Amino acid sequence: MRIKTLSAAVLITLFLCGCSEAKPVSETVFAMDTVMEFTAYGEGADDAVNLAVQAVRRLDGLLSATDPNSEVFALNSGETVELSPDTAVLLTKSLAISTLTGGAVDITIYPIVKAWGFTTSEYTIPQPSTISDLLEKVGYNKVVFDGNTRTVSLPEGMEIDFGAVAKGYASDVCVKEMTSTGVKSALINLGGNVCAIGTKTDGTPWNIAIKDPNNSDKYLGLLSVADKAVVTSGGYERYFTGDDGEVYWHIMDPSAGMPAKSGLISVTVICESGVYADGLSTALFVMGKERAIEFWREFGGFDAVLVSDDGQVYITSGIENSFTLRDTDLYTLSIFE
Ligand code: ADP
Ligand code: MG
């Protein structure tokens, strides 16, 4: 099997031009299995970056499914766990997103993700009978969580994976920590989960490049944003090619226990909440274009860029004036109202 993992760090390129008048404070760290970059400008920038780095390290320690000292590891080992406030908030939000998306995102998908080898990079195509047995263990509505005591226990064999939402949640925590220092201009990039605080120091919006899903060296288009999270889920980010020649990626359709082949190859969600942007980018990828647009029309509160496997780019009307497609020969742009 041919195996390819693209670094999440290159998922999104940030264009930081236009900030020459204030010297940025920057730090790059590896946490949550990805390269993270924090950049802040002006008064409080040093403290802001330090606080953000501390926050992602703390969250990584709580949320990693593979770290034997984490809360998620204890939960997945069958223990009843009294969650820390952060994990409790993330669990509550994740269950809400799972419900909102009708289970397109399901944080109890972990047994399936493991069976395909995405946790170890020892990729394999499980037998249909294995998949159907494991699907018995999947179902976010079977998680028993008491919000008052913050205790949670999982039915036997059920395991949680916050992979689809953890970085988005971490970016929300970082925004809170960084703005607490008085910083008004900063960028957080948690391996493709980008959060813009304020604007550039000259008052103009940040320009964020969305990776071209068909060419890792190029970008698909630019988004200009202020005070927004921009999160991309791409099939190209982690995948393997099976002996059957099929490409299998790490975004699963929880109803099938298989990689989601919905016709979409990249989904970017833009909204104020990092955790919703992260959860929804995975969910819309699973849903496919038609259901994703229906979902947007029904619930709103976010914008999206959808890229389909036939070279179409669909954007929602809220970003009509802030998204620029790079190559109009390669891609055709449509706008949803
Ligand atoms: P990434 O974290 O790679 O940027 P996503 O936010 O789309 O991309 O999350 C994908 C990760 O979430 C997978 O690696 C897996 O751990 C987990 N996952 C995959 N499919 C689902 C799903 N349908 N619902 C919840 N979690 C999922
Ligand atoms: Mg996600």
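Each remark here, short or long, concerns the structure printed above.
Residues numbered from 1 in each chain as written. Chains lettered and ligands numbered in written order. Predicted model: local features only at pLDDT ≥ 70, side-chain atom pairs only at ≥ 80, totals over all residues. Heavy atoms only, no water.

Draft legend 1. Region of the structure containing unusual backbone geometry. Although it is not a glycine, Asp33 adopts a positive phi angle of roughly 65°. A relative accessible area of 55% means that Asp33 is categorised as exposed. Its identity is not glycine, yet Asp227 carries a phi of approximately 50°, on the positive side. Tracing the backbone through its elements, the reader meets Asp227 in the loop between strand 11 (215–225) and strand 12 (228–234). (Buried < 20%, exposed > 50% of the residue type's maximum accessible area, 1.4 Å probe, protein only. Helix = DSSP H or I, 4+ residues; strand = E, 2+ residues; numbered from the N terminus.)

Draft legend 2. Region of the structure containing the sheet that holds strand 7 (residues 151–153). If you trace the three strands from one edge of the open sheet to the other, you get 5-7-6, paired in antiparallel fashion. Either end of the sheet is taken by a strand with one partner, and the two such strands are strand 5 (81–82) and strand 6 (144–146). Examined bridge by bridge, strand 5 and strand 7 share two bridges and lie antiparallel to one another. In the strand pairing of strand 7, Val81 is matched with Val152. (Pairing = 2+ DSSP bridges.)

Draft legend 3. Region of interest: the packing of aromatic side chains. Summed over the entire model, instances satisfying the criterion amount to 10 aromatic pairs. Ring centres 6.1 Å apart and planes at 40° place the aromatic pair Phe295 and Phe302 in the tilted group. A single burial state applies to Phe295 and to Phe302, both of which are buried. Members of the aromatic cluster, each reached through a chain of ring pairs, are Trp116, Phe118, Tyr123, Phe240 and Tyr248. The ring of Trp249 carries Lys261 above its face, with NZ or CZ at 5.1 Å from the centroid. Here the guanidinium or amino end of Arg326 rests over the ring plane of Tyr219, the centre of that ring lying 5.8 Å away. (Phe/Tyr/Trp six-rings, centres within 6.5 Å; stacked < 30°, edge-to-face > 60°. Lys NZ or Arg CZ within 6 Å of the ring centre and 35° of its normal.)

Draft legend 4. View of the site of ligand 1. Inspection of the region around ligand 1 gives 18 residues, with Asp161, Ser233, His250, Met252 and Thr282 positioned closest. A distance of 3.3 Å separates an oxygen atom of ligand 1 from a polar side-chain atom of Lys167. Between His250 and ligand 1, the recorded distance is 2.9 Å, taken from a side-chain N or O atom to an oxygen atom. Calculation on ligand 1 without its partners gives an accessible area of 560 Å², and the protein chains cover 94% of this total. The residue inventory of the shell around ligand 1, partitioned by class, reads nine nonpolar, four polar and five charged. (Near = heavy atom within 4 Å. Polar contact = N/O pair within 3.5 Å; in protein donor to acceptor, adjacent residues only side chain to side chain. Areas by Shrake-Rupley, 256 points an atom, 1.4 Å probe, with all protein chains shown as cover. Nonpolar A, V, L, I, M, F, W, Y, C, P; charged D, E, K, R; others polar.)

Draft legend 5. Geometry of the pattern of salt bridges. Tallied over the entire structure, the rule returns five salt bridges. Two residues, Arg58 and Asp86, come together in a salt bridge whose shortest N-O distance is 2.3 Å. One end of the pair, Arg58, is in helix 1 (residues 45–63); the other, Asp86, is in helix 3 (residues 85–100), with 28 residues separating them in the sequence. Given a relative accessible area of 38%, Arg58 falls into the partly exposed group. (Salt bridge = Lys/Arg side-chain N within 4 Å of Asp/Glu carboxyl O.)

Draft legend 6. Highlighting the environment of Asp303. With respect to the helices, strands and loops of the structure, Asp303 is situated in strand 18 (residues 303–308). Along the primary structure Asp303 and Asp106 are separated by 197 residues, whereas in three dimensions their C-alpha atoms are 21 Å apart. Setting aside its immediate chain neighbours within four residues, Asp303 contacts Thr268, Val269, Ile270, Trp296, Thr316, Ser317, Gly318 and Ile319. Side-chain polar atoms of Asp303 contact the side chain of Thr316, separated by 2.5 Å. (Contact = heavy atoms within 4.5 Å.)

Draft legend 7. Local environment of the packing of helix 3 against helix 7 (residues 274–287). Helix 7 packs onto helix 3 with a crossing angle of 40° between their chain directions and a minimal axis gap of 10 Å. Relative to helix 7, the element helix 3 is oriented oblique. Judged by the twist between their axes, the crossing of helix 3 over helix 7 is right-handed. On helix 7, the residues that touch Leu90, Lys93, Ala96, Ile97 and Leu100 of helix 3 are Val275, Tyr276 and Gly279. (Axes fitted to C-alpha atoms, helices over the stretch in contact; angles between N-to-C directions. Parallel < 35°, antiparallel > 145°, perpendicular 65-115°, else oblique. Left-handed = near helix turned anticlockwise from the far one by under 90°.)

Draft legend 8. Main features of helix 3. Over its 16 residues, helix 3 runs 22 Å from end to end, which matches the ideal 22 Å to within 8%, given 1.5 Å per residue. For helix 3, every residue scored as buried is listed here: Asp86, Thr87, Ala88, Leu90, Leu91, Ser94, Leu95, Ile97 and Ser98. The inward-facing, buried residues of helix 3 contact helix 1, helix 2 (71–76), strand 6, strand 7, helix 6 (166–179) and helix 7. (Expected span 1.5 Å × (residues − 1).)

Shape descriptors only; they carry no functional weight alone.
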